[in-house]
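What the coordinates show
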Amino acid sequence: MDFTLSDEQRMVQRTVREFIQKEVMPYEQQVLRNEREGRPGISREEIKELQLKAKALGFWGINTPEEYGGANLGAIMSALITMELGRTFVPFSFGGSADNILYYCNEEQKKRYLLPVINGERRSCFAITEPGAGSDARSIRMSAVKDGDHYVLNGEKIFITNGNEADFAMVFAVTDKEKGANGGVTCFLVDRDMGWRSEYIPTMGEWGPASLVFENVRVPEENILGELGKGFELGMKWIGQGRWAIPARAVGAAERLLQMGIDYAKTRVTFGKPIAERQAIQWMIADSAVEIEAAKWIVLRAAWMVENGMDARHQSSIAKLYGSVMANQVVDRVLQIHGGMGYTKELPIERWYREARLWRIFEGTDEIQKRTISRNLLKGHVKVGELL
Amino acid sequence: MDILVLMKQTFDTEEKIVLQSGAVSEEGVQFIINPYDEYAIEEAVKLKEEFGGQVTLLTVGPKRTEEAIRTALAMGADQAVRIDPGDEPLDEFGLSKILAAAIRGRKYDLILGGNMAIDTGSGQVALRVAEELEIPHVSAITKLTLQEKTAIVERDVEGDVEVVEVGLPFLATAQQGLNEPRYPSLPGIMKAKKKPLEQLTIADLALSEDELRPRTTVTAQFYPAKKQAGQLLSGELNEQVSQLAQLLRNEAKVI
Ligand SMILES: Cc1cc2nc3c(=O)[nH]c(=O)nc-3n(C[C@H](O)[C@H](O)[C@H](O)COP(=O)(O)OP(=O)(O)OC[C@H]3O[C@@H](n4cnc5c(N)ncnc54)[C@H](O)[C@@H]3O)c2cc1C
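These numbers come from a predicted model, not from an experiment.

Each value, and the rule that gives it
Residues numbered from 1 in each chain as written. Chains lettered and ligands numbered in written order. Predicted model: local features only at pLDDT ≥ 70, side-chain atom pairs only at ≥ 80, totals over all residues. Heavy atoms only, no water. Helix = DSSP H or I, 4+ residues; strand = E, 2+ residues; numbered from the N terminus. Buried < 20%, exposed > 50% of the residue type's maximum accessible area, 1.4 Å probe, protein only. Contact = heavy atoms within 4.5 Å. Lys, Arg positive; Asp, Glu negative; His and termini not counted. Charge placed at Lys NZ, Arg CZ, Asp CG, Glu CD. Rg over C-alpha atoms; globule rule 2.2 N^0.38 Å. Areas by Shrake-Rupley, 256 points an atom, 1.4 Å probe, with all protein chains shown as cover. Near = heavy atom within 4 Å. Polar contact = N/O pair within 3.5 Å; in protein donor to acceptor, adjacent residues only side chain to side chain. Nonpolar A, V, L, I, M, F, W, Y, C, P; charged D, E, K, R; others polar. Domains from an automatic or database assignment. UniProt positions renumbered as here; feature names shortened; annotations may be inferred. Expected span 1.5 Å × (residues − 1). Patch = residues over 30% accessible without salt bridge, like charges linked within 9 Å, V, L, I, M, F, W, Y side chains within 5 Å. Salt bridge = Lys/Arg side-chain N within 4 Å of Asp/Glu carboxyl O. Axes fitted to C-alpha atoms, helices over the stretch in contact; angles between N-to-C directions. Parallel < 35°, antiparallel > 145°, perpendicular 65-115°, else oblique. Left-handed = near helix turned anticlockwise from the far one by under 90°. Buried area = accessible area lost by both parts, 1.4 Å probe.

Time to look at the overall build of chain B. Across its full length, chain B carries 7 helices and 13 strands. Once the C-alpha set of chain B is aligned to its principal axes, its extents read approximately 70 × 45 × 40 Å. Here chain B, with 255 residues, has 43% of them falling under the buried criterion. Within chain B, contacts between residues separated by at least 24 positions form 69% of all contacts whose residues are at least 6 apart in sequence. Averaged over its 27 positive side-chain charges, chain B has a centre that lies 3 Å from the centre of its 41 negative ones.

Right, dumping it as structure tokens:
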């Protein structure tokens, strides 16, 4: 067994860390200030500028195949990079990437949807959740009824990230009620100007998703993504990718937070001693370090499995569950270490606290991950104590 | 335009110095390219991009130095030479003999190094190398403009700028302000491993024992004394001034 990274991986890790530190972290104070005043922390233009700077260094299209100009670095490198991005709360990621399922576009669709997304000219959103179907995505109701060479969409989607900003949506709708998720759900590429409306949903986080309303929205048949009736599988593929990207970000955030906690504990004096000398605080530091270490290797193992073409679904669920819970525990402890200061908006801790809470909900809640993990075991897809 | 760059791998500036039985411990420490050498690498790569030629790195260091070498190759250097120092003690005198011996026989128009290494801070090695090779040297440069057979160089002299013209080939050491070192690019990182890295030992350089013998020894290493709490003066301005003068004379004994 060998836990060492390759020279390339280490260099990429170091370069991204430096880039984030020198180019992105300087925006942190601005982000906190703007958000305190109810404005977006960082503008689209500023993000674009950072992305162009990174692109000049080749950091563009981390997961995008070379034929589209991407770097296509593979799962391990992406996990390492995502951990580094997680070290800042500035909502930055490298440009040049598109939702994984957009690669199922046909040639004509690629020109209108995939390529413009890769090039940052158009924005997408992924819309499966409905008011009556979240965890139970199989029970979505949005209907798509064929009318000549069009489909007519009716229904509502909710909690759609970027739903208010996107130019088009990947919408999952029922084309065959009988079959439902077993061959009766289809994914459509639906431009905003085909007539859907969106409304922003304020949340405890700094950015909000949107609800999307479809009233007799006519979508041309050629806008089916993939195949008729094969939409549910695409939806699961999309969600599958987040299963290790989310905990990777969580690891980066938790590492930065723990360092803040350690630094503060060494300087904050109460009853004549730095609080770092109190066991209560030391245990918070130790517990956090242990959990971060575990989460990091769970994520990297899941990524390693993906990279080696193995079925990583079980491991990815473990990573998503453990990483999200870990980050919530770490940010809670670090907030506690900071006392009243941690609760203020002077520091980013309370912001991270609010953001991390989402990680336990979207793209499969904690409970849904546990459901998957236990089912795999109960049904014998995975065995306890399998030889590695 | 063939350029040689002298590079050293040093402690990460963010590392805490830990003394263990009188020596600085390297356990668990991250190493980086000496920041001043990064300016030298950047300048060399920039000149190569403008005028063509090859950039060759030279470094004396243990196996771990290869990480710094790969990073410099990822920044755009073409090839590297690592000379393993072995276990014998060396000082700036011996190091410069080693580097000069490794350089003799190579083609170069310019040698660049850092103004000093941030760990030992002696700032001697590069200049000694120039003396060994009997070429001119200019230290602490902040600007380098190449002409036909000479270069116009600006150097930092304790805050002032001195402008000198110097004939090629020469050696210069880089000061902060010379340039803004680039990040290694992703394609650069991926290519770095394929670039030639020549491995030498001291034995390959045919130096005599006397040439390697340290001329200096480190007798002790210790942490700087803890800073004392300052003394606040109070009262009318006039009184404070006279108190200060008294203290400087009687306690600090500096006037
Ligand atoms: C900020 C944000 C962004 C989002 N972005 C998107 C997006 O871009 N696209 C998209 O399609 N969706 C998105 N979602 C939706 C998200 O994926 C769902 O909210 C999530 O899957 C949970 O669904 P739900 O909210 O309907 O909760 P429910 O499914 O109603 O669950 C309620 C509670 O019951 C638990 N529960 C449910 N079923 C079981 C069970 N069988 N056993 C035990 N416990 C159970 C859940 O874990 C949860 O605790 C987003 C949500 C948020 C908050």
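The helix and strand inventory of chain A stands at 10 helices and 10 strands. Since a compact globule built from 388 residues should have a radius of gyration of about 21 Å, the 22 Å found for chain A is in line with a globular shape. Buried positions account for 51% of the 388 residues belonging to chain A. The long-range share in chain A, meaning contacts at least 24 apart out of those at least 6 apart in sequence, stands at 71%. Accessible area of chain A: about 19000 Å², with a carbon and sulfur share of 52%. Put simply, chain A has 50 plus and 52 minus side-chain charges, and the middle of one group is 4 Å from the middle of the other.

This part covers the site of the ligand. Residues and elements named next belong to chain A. Around the ligand, a shell composed of 17 residues is seen, among which Thr129, Ser135, Phe159, Thr365 and Glu367 lie nearest. At 2.7 Å from an oxygen atom of the ligand is found a side-chain nitrogen or oxygen belonging to Thr365. Between the ligand and the protein, one listed contact pairs an oxygen atom with a side-chain N or O atom of Glu367 at 2.7 Å. The protein chains hide 64% of the 970 Å² of surface that the ligand would expose on its own. Elements with a contribution of two residues or more to the shell around the ligand: strand S3 (150-160) and helix H10 (366-378). Sorting elements by how many residues they give to the shell around the ligand places H10 first, with 3 residues. Tallied by class, the residues present in the shell around the ligand amount to 9 nonpolar, 5 polar and 3 charged. Residue contributions to the shell around the ligand reach at least three from each of two domains, namely domain 2 (123-229) and domain 3 (234-378).

What follows covers the UniProt feature "domain: Electron transfer flavoprotein alpha/beta-subunit N-terminal" (unreviewed entry) in chain B. Look at the UniProt record and you will see "domain: Electron transfer flavoprotein alpha/beta-subunit N-terminal" (unreviewed entry) annotated at residues 21-209 of chain B. Span residues 21-209 of chain B is 30% helix and 31% strand, its end C-alpha atoms 28 Å apart.

Here the focus is helix H7 (residues 279-307) of chain A. Here H7 of chain A contains 29 residues, and its C-alpha end-to-end distance of 42 Å stays within 8% of the 42 Å for a straight helix at 1.5 Å per residue. Looking one or two places after H7 of chain A, you find Gly309 of chain A, whose phi comes out positive at around 70 degrees.

All right, on to a nonpolar patch on the surface then. Residues and elements named next belong to chain B. There is a patch of nonpolar side chains on the surface, built from Leu244, Leu248, Val254 and Ile255 and spanning about 360 Å² of accessible area. With respect to the secondary-structure elements, Leu248 resides in helix H7 (residues 237-250). According to the relative accessible area criterion, Leu248 is partly exposed, its value standing at 30%.

Below, the discussion takes up the UniProt feature "domain: Acyl-CoA dehydrogenase/oxidase N-terminal" (unreviewed entry) in chain A. UniProt's entry tags residues 6-121 of chain A with the feature "domain: Acyl-CoA dehydrogenase/oxidase N-terminal" (unreviewed entry), counted in the numbering of this structure. A helix fraction of 54% and a strand fraction of 0% characterise residues 6-121 of chain A, whose end C-alpha atoms lie 35 Å from each other.

Time to look at the pattern of salt bridges. All names here are of chain A. In the structure shown here, the tally under the stated rule is 42 salt bridges over all chains. With a closest N to O distance of 2.8 Å, Lys296 and Glu255 form a salt bridge. Pair noted here: Lys296 is in helix H7 and Glu255 is in helix H6 (residues 231-267), with a separation of 41 residues, a long-range link. With its nearest N and O atoms 2.6 Å apart, the salt bridge here joins Arg360 to Asp366.

All names here are of chain A. Their axes nearest at 6 Å, the elements helix H4 (residues 75-85) and H6 cross at an angle of 45 degrees. It follows that H4 is oblique to H6 by the angle criterion. At the point where H4 passes H6, the crossing takes the right-handed sense. Each of Ala75, Ser78, Ala79, Thr82, Met83 and Leu85 in H4 lies in contact with H6, whose residues at this interface are Trp244, Ala245, Ala248, Arg249, Val251 and Gly252. Of the residues assigned to the contact of H4 with H6, the class counts are 8 nonpolar, 3 polar and 1 charged.

Turning to unusual backbone geometry, a few remarks are in order. Between Leu168 of chain B and Pro169 of chain B the backbone carries a cis peptide bond, its omega angle lying at -5 degrees. With a phi close to 65 degrees, Asn162 of chain A is a non-glycine residue in the positive phi region. Even without being glycine, Phe271 of chain A reaches a positive phi, approximately 45 degrees. Its place among the elements puts Phe271 of chain A in the loop between strand S9 (269-270) and strand S10 (273-274).

Residue and element names in this part refer to chain A. In terms of domains, chain A is made up of domain 1 (7-97), domain 2 (123-229) and domain 3 (234-378). When each unit is reduced to the centre of its C-alpha atoms, the spacing between domain 2 and domain 3 is 31 Å. Contacts between the two partners involve 11 residues from domain 2, matched on the other side by 11 residues from domain 3. For the pair domain 2 and domain 3, the summed buried area comes to about 990 Å², and 75% of that belongs to carbon and sulfur atoms. Per-residue buried area on domain 2 facing domain 3 is highest for Phe126, Met204 and Glu206; these three make up 50% of the total on that side. At the junction of domain 2 and domain 3, the tally comes to 1 salt bridge.

Below, the discussion takes up the side chain of Ser185 of chain B. Tracing the backbone shows Ser185 of chain B in the loop between strand S12 (170-174) and helix H5 (186-192). In this structure the side chain of Ser185 of chain B is engaged in a polar contact, spanning 2.9 Å, whose partner is the backbone nitrogen of Gly188 of chain B. Those residues in contact with Ser185 of chain B that lie beyond four places of it in its chain are Leu57 of chain A together with Ala74 of chain B.

This paragraph deals with the interface of chain A and chain B. One frequent convention defines the size of an interface as the accessible area lost when the parts assemble. With 18 residues of chain A in contact, the opposing surface of chain B contributes 17 residues. Across the chain A/chain B interface, buried area totals approximately 1500 Å², and carbon plus sulfur atoms make up 59% of it. At the boundary of chain A and chain B, one finds 2 salt bridges. In this structure, the salt-bridge partner of Arg10 of chain A is Glu67 of chain B, at a minimum N-O distance of 2.9 Å. Remark: the boundary between chain A and chain B carries 5 residue pairs in polar contact (both at pLDDT 80 or more). Examining the composition of the side of chain A that touches chain B, we find that 12 residues originate from one element, helix H1 (residues 7-24) of chain A, more than from any other. Within the side of chain A that touches chain B, the residues separate by chemical class into 8 nonpolar, 3 polar and 7 charged.

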